[in-house]
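Notes for the structure review
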Amino acid sequence: MRYVSTRGEAPVLNFEQAMLTGLARDGGLYLPETVPALSDIGALEGLPYEVAAFRVLKPFTGDSFSDEELQGAIARAYQGFRHVARAPLTQLAPGHHLLELFHGPTLAFKDFAMQLIGQLFQIALARSGQRITIVGATSGDTGSAAIEAFRGLSNVDVFILFPHGRVSEVQRRQMTTPDDANVHALAMDGHFDDCQARLKDLFNDHAFRDQVGLAGVNSINWGRVLAQIVYYVTSAVSLGAPYREVDFTVPTGNFGDIFAGSIARAMGVPIRRLVVATNQNDILHRALTTGEYRMGEVHPSISPSMDIQVSSNFERALFMAYGGDAGAIRQLMDELKAGGFSISQGALQALQDQYASGRVSEDETTAMIRTIREETGQIICPHTAVGVQVARDHLEPGVPMITLATAHPAKFPDAVEAAIGIRPDLPPHMADIFDLPERVTRVENDNDALKSLILERRIA
Ligand SMILES: *Cc1c(COP(=O)(O)O)cnc(C)c1O
């Protein structure tokens, strides 16, 4: 399998190289040259998650990993999940299902991808003897998932940039309490978009990139998207695919999760529609309804993991909607630097053929946490509540709807308590998080400051 950049001017890579690289050298994102069809989808029914995962992932990894290596990596990635189904499907209402993606070590769906690429990185690095510096930007959940996947490794440093004061206390403590010497939590002044912009600057500084062996594990990394395809396939199959269509609603920020659904669809899983659910930071909803992608201000919300204006993986969806025209994508991304762009009529039509969207206010989010508690007894996190509200607006008789429950409610106790008066308990493995000392470094929103800090702190 060959991987090409959405901007068309970076080397074509195999899976292992694309995963280790993260962002392409031309600033673009890697995608498989063609999406393989998934054979015998019906035969996945009832299989253990790990077995299904191997069948879904193998065509994309090609000969980068042997069957034994890939199977071993998958087994180790998911053995620490606290639910034997890994991604269990529960029912919210007739025709409406919840895909629980929060049973991993850091309680958000990010663990599905991060645990797996953690294992694959280790195999690749052991083979090459390379040392790397991982730098990641996080709106809250990617950071802890990356730290959990890479902590304690001798050939990897992990630097995580998070927006100071804009993540929940549980999210922050998950990043600042691990005491491994190779873990570096950096609180940056600004929003998530600023963290992501500094990260891209580091990657585009080719001298620095080569000097520290920079590797990226943000959702721009193809390996992340790839791992997420699996639960779209397994959940669709348990509701009757390939013999019945399903819809998905996905709480969305950087577009990495929902884009994995789009790849599952391209592989032949009968997904009728992928519904983008946004909070008040609704740039994606506006883009998909009007064709105008225009950056505004970020307004902090009670679903902070979706507080974003620059949705990186949307570039991949645009590349596909523009029929793989890298020149057109380069042009759009140039225009984005000046604030925004208009999507062509043809491309907008292609996007609207598979994506729908909706926006949810803060009050509606709180109200939905309460409604679900009343209707089912279940407690959902604010991101999931955004998804459930949008899903309800898009229910279609006869087509099962699957809403992705992207995080555990205990990660966002303040928002949950404001809605239902209950502070959800953290699972036992995290119960001591409020007692542990924190280690964190404040850093300005400045590239040179960041570079010197990384050079000074790195141990690998
Ligand atoms: C990261 C995250 C999202 C958004 O996912 P994207 O892949 O960035 O679109 C939604 N909910 C939670 C809880 C998250 O951690």
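Residues numbered from 1 in each chain as written. Predicted model: local features only at pLDDT ≥ 70, side-chain atom pairs only at ≥ 80, totals over all residues. Heavy atoms only, no water.

If you look the protein chain up in an unreviewed UniProt entry, it shows as Threonine synthase from Paracoccus tegillarcae. Listed in UniProt under the heading Catalytic activity (unreviewed entry), the comment for the protein chain reads: "O-phospho-L-homoserine + H2O = L-threonine + phosphate". (UniProt positions renumbered as here; feature names shortened; annotations may be inferred.)

Helix and strand counts for the protein chain stand at 18 helices and 15 strands. Taking 2.2 N^0.38 as the reference for a compact globule, 460 residues should give roughly 23 Å; the C-alpha atoms of the protein chain span a radius of gyration of 20 Å, in line with that estimate. Within the protein chain, buried positions represent 63% of all 460 residues. Considering only contacts in the protein chain between residues 6 or more positions apart, those separated by 24 or more positions represent 75%. Split by element, the accessible area of the protein chain, about 16300 Å² in all, is 47% carbon and sulfur. (Helix = DSSP H or I, 4+ residues; strand = E, 2+ residues; numbered from the N terminus. Rg over C-alpha atoms; globule rule 2.2 N^0.38 Å. Buried < 20%, exposed > 50% of the residue type's maximum accessible area, 1.4 Å probe, protein only. Contact = heavy atoms within 4.5 Å. Areas by Shrake-Rupley, 256 points an atom, 1.4 Å probe, with all protein chains shown as cover.)

A word on the site of the ligand. As a matter of local geometry, the ligand sits amid 15 residues, with Lys110, Asp141, Gly253, Asn254 and Asp257 nearest to it. A distance of 2.4 Å separates an oxygen atom of the ligand from a polar atom in the side chain of Asp141. A distance of 2.9 Å separates a nitrogen atom of the ligand from a polar atom in the side chain of Thr406. Alone, the ligand offers 380 Å² of accessible surface; in the complex the protein occludes 97% of this. (Near = heavy atom within 4 Å. Polar contact = N/O pair within 3.5 Å; in protein donor to acceptor, adjacent residues only side chain to side chain.)

What follows deals with unusual backbone geometry. Of note, the amide linkage connecting Ala241 to Pro242 takes the cis form, showing an omega dihedral of 10 degrees. Here Pro242 is to be found in the loop between helix 9 (222-238) and strand 9 (246-251). Not every positive phi belongs to a glycine, and Arg86 is a case in point at roughly 65 degrees.

Next up on the list: the sheet that holds strand 7 (residues 183-188). The strand order 8-5-6-7-15 describes an open sheet built from five strands, whose pairing is parallel. Either end of the sheet is taken by a strand with one partner, and the two such strands are strand 8 (214-215) and strand 15 (441-443). In this fold helix 7 (residues 192-204) packs onto strand 5 (132-137), strand 6 (156-163), strand 7 and strand 8, with an angle of close to 150 degrees to the strand it touches most, strand 5. (Pairing = 2+ DSSP bridges. Axes fitted to C-alpha atoms, helices over the stretch in contact; angles between N-to-C directions.)

Turning our attention to the packing of helix 15 (residues 362-376) against helix 16 (residues 382-393). The interhelical angle for the contact between helix 15 and helix 16, taken along N-to-C directions, is 85 degrees, at an axis separation of 8 Å. Overall, the two elements helix 15 and helix 16 adopt an arrangement that is roughly perpendicular. Residues Thr365, Met368, Ile369, Thr371, Ile372 and Glu375 of helix 15 touch helix 16, and the partners they reach there are Pro382, Ala385, Val386, Val388, Gln389 and Arg392. Looking at the contact of helix 15 with helix 16 residue by residue, the class counts come to seven nonpolar, three polar and two charged. (Parallel < 35°, antiparallel > 145°, perpendicular 65-115°, else oblique. Nonpolar A, V, L, I, M, F, W, Y, C, P; charged D, E, K, R; others polar.)

Under the local residue numbering, the UniProt record ascribes the feature "modified residue: N6-(pyridoxal phosphate)lysine" (unreviewed entry) to Lys110. Mapped onto the fold, Lys110 is located in helix 4 (residues 110-128). Take Lys110: its relative accessible area is 11%, and that puts it in the buried class. With residues near it in sequence (within four places) discarded, Lys110 still touches Asp141, Thr142, Ala145 and Arg224.

Another point: the sheet that holds strand 10 (residues 271-278). With mixed pairing, the six strands of this open sheet are ordered in space as 3-4-14-9-10-13. Every interior strand has two partners, whereas the edge strands, strand 3 (89-93) and strand 13 (355-359), have only one. Sheet twist, expressed as the mean angle between neighbouring strand axes with direction ignored, is 25 degrees. Sheet analysis places strand 3 next to strand 4 (residues 96-100), joined by four bridges and oriented antiparallel. Note on strand 4: the bridge partner recorded for Ala93 is His96. Lying over the sheet, helix 9 contacts strand 3, strand 4, strand 9, strand 10 and strand 14 (401-405), oriented at roughly 140 degrees with respect to strand 9. Sitting on the sheet, helix 10 (residues 256-266) is in contact with strand 9, strand 10, strand 13 and strand 14, with an inclination near 175 degrees to strand 10.

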